[in-house]
Each structure stands twice: as C-alpha cells, then as structure tokens.
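# Topology and contacts: notes
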Amino acid sequence: MSSIVASLMPEFERLRQRFPEGFDSSMTLPCLRRIQELRGHVADEDISALVQWLGVPRIQFEEVLSYYTQFRRRPVGQVRLEICRNVSCSLRGAERLIGHVCQRLGVAEGGTTSDGRFTVTTAECLGSCGTAPVMVVDDEYHENMDIEKADRLIDAMSHADGGRGG
Ligand code: FES
C-alpha cells in the first residue's frame, strides 16, 4: 500500500462509514482529492492501493482522474501556473502570454523548471472569460493578465518564501 494511502486510512475508514453499503465507488472522488492534497499529485501506487482496498475497478479511478482536470498524475513544481488558451483568452493575447512565460522559465507547456519551483500548464477555459486572459497561480486567479503582470508575479514568487506574504 502506498505510504500516503496508508497514512490516510483512518480518515478513509471513517469516511466509508458515512456511505451506505455497496456505495464504495462514491469514495473515489474524496479519496483522490485527499491524496492530492498530501502528495501534490495522484501516483499509480495510490490508485493500486485504493483499488485493492475498495474493490472498485481501476478504470473508475482513471476516468475520474482524466475527467477532472484539477487532478494531477505527475509531480509538479512548488508553484503551479495555469494559463487559459481558449477563445476569449486567445483573442486577448493568451498565446503570447503562454509563450513568454514558458520562454522566461525555460520550460515547455506542461513542464517544470529544473529547480522544481514552477510548473506551467494550459487550460481550456478557466471560467473567467470576461476578464481574459486569465492565469491561475496555484488556486488563485489573476485576471486581465499581460506579460508585465506575469513577470511581476513570477519575480515575486521566485523568492524562497514564494513572495505571497501579506
Ligand atoms: S476562455 Fe479563458 S477563461 Fe474562458
């Protein structure tokens, strides 16, 4: 069993008691969410552990993980930069923004900087089209983004403490 799942098992057992018998598949989402909160992503070994414990088919976990883009299957940097590239954001310069951020950090889309600080990903609509273009830093929205604002954010977050205090 993965160490993360093992450490969460008392919590998962309590949660399981809240569901009627035969509804173990309903545990899929909350278990995956807690694992990601602790590990930062959901690893194959976590899925294997849940399959064994719950008796829910592996495909069900894979479906949930692929449907909800908030789930991550690979390790990510300490800071996650997610930039929308759908129509509204593209019309307002998202492609240039993505290109600039990737170039500045020396990564391709989906990549993580060599120091493990930043991961840059793109998204298909972050639900804030009226304030496009949008970049989400971890879970915080930054709207009406431009290259200068992105540079300022990255400068602030490049420091060891993340530059988000206050
Ligand atoms: S198109 Fe970018 S937030 Fe909707």
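The structure under discussion appears in the preceding block.
Please read all numbers here as calculations on a predicted model, not as lab measurements.

One open sheet holds the four strands; their spatial order is β2-β1-β3-β4, and the pairing between them is mixed. At either end of the open sheet lies a strand with only one pairing partner, and these are β2 (118-123) and β4 (140-142). The sheet shows a mean angle of 25° between the axes of neighbouring strands, direction not considered. Here three bridges tie strand β1 (residues 79-84) to strand β3 (residues 135-137), and the two strands are oriented antiparallel to one another. Note on β3: the bridge partner recorded for Glu82 is Val136. Where helix α6 (residues 94-105) meets the sheet, its contacts fall on β1 and β2, and the angle it forms with β1 comes to roughly 155°.

Packing of helix α1 (residues 3-16) against helix α2 (residues 28-39) leaves a shortest axis separation of 11 Å and a crossing angle of 140°. The crossing of α1 and α2 is right-handed. Residues Ile4, Val5, Leu8, Glu11, Phe12 and Leu15 of α1 form the contact with α2, whose own contacting residues are Pro30, Cys31, Arg34, Ile35, Leu38 and Arg39. In the contact of α1 with α2, the residues fall into nine nonpolar, no polar and three charged.

In terms of nonpolar packing, the biggest core is built from 20 residues, with Leu81, Ile83, Leu97, Val101, Val134 and Met135 touching the most fellow members. For this core, the secondary structure elements donating two or more residues are β1, α6, β2, β3 and α7 (147-157). Take this core: its biggest share by element is five residues, from α6.

Attention now goes to unusual backbone geometry. Residue Pro133 follows Ala132 across a cis peptide bond; omega there is -5°. Assignment of secondary structure puts Pro133 in the loop between β2 and β3. Even without a glycine there, the phi angle at Asp138 is positive, about 55°. On the secondary structure map, Asp138 appears in the loop between β3 and β4.

Quick notes on the rules
Residues numbered from 1 in each chain as written. Predicted model: local features only at pLDDT ≥ 70, side-chain atom pairs only at ≥ 80, totals over all residues. Pairing = 2+ DSSP bridges. Helix = DSSP H or I, 4+ residues; strand = E, 2+ residues; numbered from the N terminus. Axes fitted to C-alpha atoms, helices over the stretch in contact; angles between N-to-C directions. Contact = placed C-beta atoms within 7 Å. Left-handed = near helix turned anticlockwise from the far one by under 90°. Nonpolar A, V, L, I, M, F, W, Y, C, P; charged D, E, K, R; others polar. Core = buried A, V, L, I, M, F, W, Y, C linked by C-beta atoms within 7 Å. Buried ≥ 20, exposed ≤ 12 C-beta atoms within 10 Å, placed from the backbone.

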